[in-house]
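A closer look at the structure
Here is how the chains run, residue by residue.
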Amino acid sequence: MAKAPRLDNHPQVITANHLATGDVVYLTRVASWSRDIGEATVAPNVQAGAALLAVAQAQAKMNIVIDPYLIPVDTSVSPPRPIQFRERIRAQGPTTAGRTSDAAREDRHVSV
Amino acid sequence: MYQYDQLDQRIVEERVAQFSDQVKRRLSGELSEDEFKPLRLQNGLYLQLHAYMLRVAIPYGTLSSKQLRGLAQIACKYDRGWGHFTTRQNLQFNWIRLEQAPDALADLARVQMHAIQTSGNCIRNTTTDQFAGAAHDEIEDPRVWCEIIRQWSTFHPEFSFLPRKFKIAVTGSPNDRAAVRVHDIGLRMHRNDAGEVGFEVIVGGGLGRTPFIGKTIRDFLPKQDLLSYLEAILRVYNLFGRRDNMFKARIKILVHEIGIEAMREKVEAEFAAIRDSALRLPEETIAQIAAHFAPPPFEALPAGIAPEYAQAFRTDFDFGLWARRNTARHKQPGYAIVTISLKKEGEPPGDASAEQMQAIADIADRYSFGEIRVTHEQNLVLPHVKQADLPEVWRALKAYELATPNVGLASDIIACPGLDYCALANARSIPLAQQIARRFRNWERAHDIGELKIKISGCINACGHHHVGHIGILGVDKAGEEFYQLTLGGSADDSAALGDILGPALNQARTVDAIDTLVETYLQLRRGNERFLDTYRRVGLQPFKEAIYAAA
């Protein structure tokens, strides 16, 4: 079995789902939430991310978002690119082709 | 078709009112996510990768045109203009907002629909043959029994918190189109030596992490005993099924661990105790339910092929191609069953736009007594079309890109939503299905290959039924990269079998080539009219394995 790569030392952002809409959202620099990962606040590593996670969890308690968690990102590109494939799909929407999928990708990159 | 009575309607409306209140309390913070999650799941509302997903129950895959229009309207009003038909004969909306979910459920209730029994550890929506009431080989319409099971199982207090979910499938035909041997309980209608119709009861089938073909627990069950016997099985499962390990909680594990004989003994003992209880179905009740499924007013037409159909078949190549694959024999002379492929090249398997749903509802009204069915292979069916109308129906479908002539062929792929939508998936299914379909786009070749069931699951939960695909494909995550493990020789029909693992998993690019190589290997090996599955059963795994891995 291949070992999962160690991701703790990568820069991190916080993601969650918005409670009322279900949208994938990211914690921003002003402690609000955006659907655009480009607006996310970036912590240099998991340790630094812990403080951000505390902010996010407080917002989960206030019923703004559900289940926030840290994800590793590559900040050498803009906007930051999630390292994990699953998170890239969450950030960008379904990768499928077709009319229905085009409809699925509409209406992104709007702050909530 | 079954029409709600006042009680059905009241139950569904009360449920909507309860859920509206629960959502309000969740949004205000009165309910925590932990408190709310089981409540939303009991109403079919999941949180998926990108958004909430609403799974709408389509009991035994039967829809009226009015209901399909209702679904189209919900797709436009609350979602992004489309829906996804699933291997459970249900419909999923992928982009529902929590704050609007109660309104969507209220709109569903207006067309006698709901999202109950589509999640949670209860008896789920019962599935059946999509050709029910129309198939030429049918003994009796299985929907009568599906509806009886629905009425018994909905909110059954004893079975609302089972060790795990529970799925029942029914076939009324010896040619199983409902995959009854891979369900928790499969019911197969047949005649005994005295000529009476009853059920073979199969228990402990299932796919997922630990697949099993179900075992026959009773060869013949009289119809009036159906609910007592189901209750006996469920009661034994509820008592003895494991609750300590979610992966070992399905009834298939219980049957496997204690053996079918011990299971039968326990069930029969329970059955003997409750057989003559209120669960015994009076003839009158059966007749009342059966009346809802009375055949539509068919015209008396001569047997044989209608001249209009024969003429179009001879003169229009494209129509002929479609008619060969997408129509099936009807029990009523002069009629045919039409399968509408939702597997157009370039579109995700099982997706239909609201516009297409509206069009199908209109076509059903005009040509099929307003009835539509959903298949577990993620297609739709017009069950009762006059043969003479087939050319017109084909043209009407074609106008909405719904006349892909590929039912049962290599591009008619079952694919779960996979990692593009599903929070549980390890790999994507839909893009792979789309690439494979493209590879088999040449109709001449596809029709030459003939019946080939390719089924793709994006994780071990096997929503894409990969274990029972002639070629099964399971997505796995290898250190962050998508790989696909192939199985061969699976089948979900009356000769049900689990596929054999071909070898080490392949990456996505190699997978598409490998499918092609498997098909070429079959074409070289086949004798006469053998299907892929027949050839595989004759020659076994080895030649296919060599074709894929020898060069590596």
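Residues numbered from 1 in each chain as written. Chains lettered and ligands numbered in written order. Predicted model: local features only at pLDDT ≥ 70, side-chain atom pairs only at ≥ 80, totals over all residues.

Attention now goes to the overall build of chain A. Along the backbone of chain A there are three helices and five strands. Listing each helix as α and each strand as β along chain A from the N terminus yields β-β-β-α-β-β-α-α. Residue burial in chain A is summarised as follows: out of 112 residues, 36% are buried. Taking contacts inside chain A between residues at least 6 apart in sequence as the whole, the part at least 24 apart equals 56%. (Helix = DSSP H or I, 4+ residues; strand = E, 2+ residues; numbered from the N terminus. Buried ≥ 20, exposed ≤ 12 C-beta atoms within 10 Å, placed from the backbone. Contact = placed C-beta atoms within 7 Å.)

Attention now goes to the environment of Leu397 of chain B. Here Leu397 of chain B is to be found in helix α13 (residues 390-398). Each C-alpha atom, one on Leu397 of chain B and one on Ser341 of chain B, is 9.8 Å from the other, the two residues being 56 residues apart in sequence.

Moving on to unusual backbone geometry. Residue Pro79 of chain A is bonded to the preceding Ser78 of chain A through a cis peptide linkage, with omega at -5°. Despite not being glycine, Tyr60 of chain B has its phi angle at roughly 40°, a positive value. Relative to the helices and strands, Tyr60 of chain B is located in the loop between β2 (52-56) and β3 (62-64).

Another point: the domain arrangement of chain B. All names here are of chain B. In terms of domains, chain B is made up of domain 1 (6-110), domain 2 (142-292), domain 3 (307-398) and domain 4 (414-549). In this complex, domain 1 contributes six residues to the contact, which on the side of domain 4 involves eight residues. Residues belonging to the side of domain 1 that touches domain 4 are distributed by class as follows: one nonpolar, five polar and no charged. (Domains from an automatic or database assignment. Nonpolar A, V, L, I, M, F, W, Y, C, P; charged D, E, K, R; others polar.)

This paragraph deals with the interface of chain A and chain B. Taken together, the contacts link 29 residues of chain A with 31 residues of chain B. Looking at the side of chain A that touches chain B, the elements with two or more residues in it are α2 (85-92) and α3 (99-105) of chain A. Broken down by element, the side of chain A that touches chain B gets its largest block of residues, five residues, from α3 of chain A. In terms of residue class, the side of chain A that touches chain B is made up of 13 nonpolar, 11 polar and five charged.

Quick look at the confidence of the model for chain A now. When pLDDT is averaged along chain A, the result is 87; 83% of the residues meet or exceed 70. Below a pLDDT of 50 lies the segment residues 108-112 of chain A, which in the model reaches 15 contacts outside its immediate sequence neighbourhood of four places, other chains included. (pLDDT = per-residue confidence, 0-100.)

This next bit is on the sheet that holds strand β14 (residues 371-374) of chain B. All names here are of chain B. Read across the sheet, five strands follow the order β3-β14-β15-β12-β11 without closing on themselves; strand pairing throughout is antiparallel. The outermost strands of the open sheet, each flanked by one partner alone, are β3 and β11 (327-329). Shown here is a sheet whose adjacent strand axes are inclined to one another by a mean of 30°, direction ignored. Sheet topology places β14 next to strand β15 (residues 380-386); two bridges connect them, and they run antiparallel. Across the sheet, residue Arg373 finds its bridge partner in β15, namely Val381. In the packing of helix α12 (residues 354-367) onto the sheet, contacts are made with β12 (335-340), β14 and β15, and the angle to β15 comes to roughly 25°. (Pairing = 2+ DSSP bridges. Axes fitted to C-alpha atoms, helices over the stretch in contact; angles between N-to-C directions.)

Residue and element names in this part refer to chain B. Secondary-structure assignment places Ala57 in the loop between β2 and β3. Classification of Ala57 as buried rests on a count of 23 C-beta atoms within 10 Å. Ignoring sequence-local partners within four residues, the contact set of Ala57 consists of Asn90, His114, Ala115, Ile116, Gln117, Thr118 and Asn125.

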